[in-house]
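What follows is the residue order along each chain.
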Amino acid sequence: PNSSQPTAHFIDMEANRGEVWEMEGLFLCPGDSDWFSFYVEAGQHLFAELYFLQEKGDLNLELVDEKARPMVLGASNTDDEYLDLEVTVSQNYFLRVYGADEYQDNMYEMSLGIVGEPCLPDALEPNDGYDTATEITLAETHELNLCYADRDWFAFSAEHGQLISAELLFTH
């Protein structure tokens, strides 16, 4: 029942917040793929591991987005596969387990974890480019968020010859 993206088995990672989801006793049939779906927020980090014995059959692990675009591939010629991704877009993601060749079968176990807090846009968004820069006044202070792969632009007025300084404080 989970042999395609539309029929993927949904994993409720919100219900398992902060915990690693694990599934044992899974079996990939020859010519088949197993699909799993879950929702991840931008700013979080996801990781997935596939455990199997290579000598019984080579399996691969692929992460794709909602539009089936490949994001990360875990493929090797050894036992087990691993992949991870810093998530930049909040959406449903899909894991696909498949054989290295179409006649491959094997038993496997899988784990999935999501760590980190979602990165929420700040009050001055959208200000991701020159054309959408947020107008600010000098001597203004803001507590803002900068999410992964985000850019923040600001615009302000100043007099010719006026000295301007800016201070950026952050925790890394």
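What you see is a predicted model; the values in this text were computed from it and never measured.

Peer 1: Go over the overall build of the chain with me, naming the residues and quoting the values.
Peer 2: What the chain contains, in helices and strands, is zero helices and eleven strands. Order of helices (α) and strands (β) in the chain, N terminus to C terminus: β-β-β-β-β-β-β-β-β-β-β. What you see for the chain is a C-alpha radius of gyration of 22 Å, clearly larger than the 16 Å of a compact globule of 172 residues, by over 25%. Counting only C-alpha atoms and orienting by the principal axes, one finds that the chain spans roughly 75 × 30 × 30 Å. When each of the 172 residues of the chain is scored for burial, the buried share is 35%. Where the 6 positive side-chain charges of the chain centre and where its 35 negative ones centre are 7 Å apart.

Peer 1: Residues and numbers for a nonpolar patch on the surface, please.
Peer 2: Residues Leu138, Phe156 and Ile164 make up a contiguous nonpolar surface patch of about 240 Å² in total accessible area. Inspection of the secondary structure puts Phe156 in the segment after β11 (154-155). Given a relative accessible area of 40%, Phe156 falls into the partly exposed group.

Peer 1: Requested: an account of the sheet that holds strand β8 (residues 91-99), with residues and values cited.
Peer 2: Read across the sheet, five strands follow the order β1-β3-β8-β5-β6 without closing on themselves; strand pairing throughout is mixed. The sheet is open, and its two borders are formed by β1 (9-10) and β6 (70-74), each paired with just one other strand. Relative to β8, strand β3 (residues 33-40) runs antiparallel, the two sharing eight bridges. Paired with Asp34 across the two strands is Val97, which belongs to β8.

Peer 1: Run through the pairing of β8, naming residues and quoting values.
Peer 2: The element β8 is largely enclosed, with a buried count of eight among its nine residues. Two strands pair when backbone bridges link them, and strand β5 (residues 59-64) and β8 are joined in this way by six bridges, in the antiparallel orientation. Along β8, the bridge assignment pairs Leu63 with Leu95.

Peer 1: How would you explain the environment of Pro121 if you had to name every residue and give the values?
Peer 2: Assignment of secondary structure puts Pro121 in the loop between β9 (106-115) and β10 (134-135). According to the relative accessible area criterion, Pro121 is exposed, its value standing at 62%. For the pair Pro121 and Ala42, spaced 79 residues apart in the sequence, the C-alpha separation amounts to 10.0 Å.

Peer 1: Any details on the sheet that holds strand β4 (residues 45-51)? Residues and values, ideally.
Peer 2: What links the strands of a sheet is backbone hydrogen bonding, and the strands pair in either a parallel or an antiparallel sense. The antiparallel open sheet is built from four strands, whose spatial order is β2-β9-β4-β7. The open sheet is flanked by β2 (21-28) and β7 (81-86), the only strands paired with a single partner. Going across the sheet, the axis of each strand differs from the next one's by a mean of 15°, ignoring polarity. Bridge analysis of β4 against β9 gives seven bridges, and the strand direction is antiparallel. Within the sheet, the bridge partner assigned to Tyr51 lies in β9 and is Glu109.

Parameters at a glance
Residues numbered from 1 in each chain as written. Predicted model: local features only at pLDDT ≥ 70, side-chain atom pairs only at ≥ 80, totals over all residues. Heavy atoms only, no water. Helix = DSSP H or I, 4+ residues; strand = E, 2+ residues; numbered from the N terminus. Rg over C-alpha atoms; globule rule 2.2 N^0.38 Å. Buried < 20%, exposed > 50% of the residue type's maximum accessible area, 1.4 Å probe, protein only. Lys, Arg positive; Asp, Glu negative; His and termini not counted. Charge placed at Lys NZ, Arg CZ, Asp CG, Glu CD. Patch = residues over 30% accessible without salt bridge, like charges linked within 9 Å, V, L, I, M, F, W, Y side chains within 5 Å. Areas by Shrake-Rupley, 256 points an atom, 1.4 Å probe, with all protein chains shown as cover. Salt bridge = Lys/Arg side-chain N within 4 Å of Asp/Glu carboxyl O. Pairing = 2+ DSSP bridges. Axes fitted to C-alpha atoms, helices over the stretch in contact; angles between N-to-C directions.

Such coordinate-based values are descriptive only and should not be taken to indicate function.
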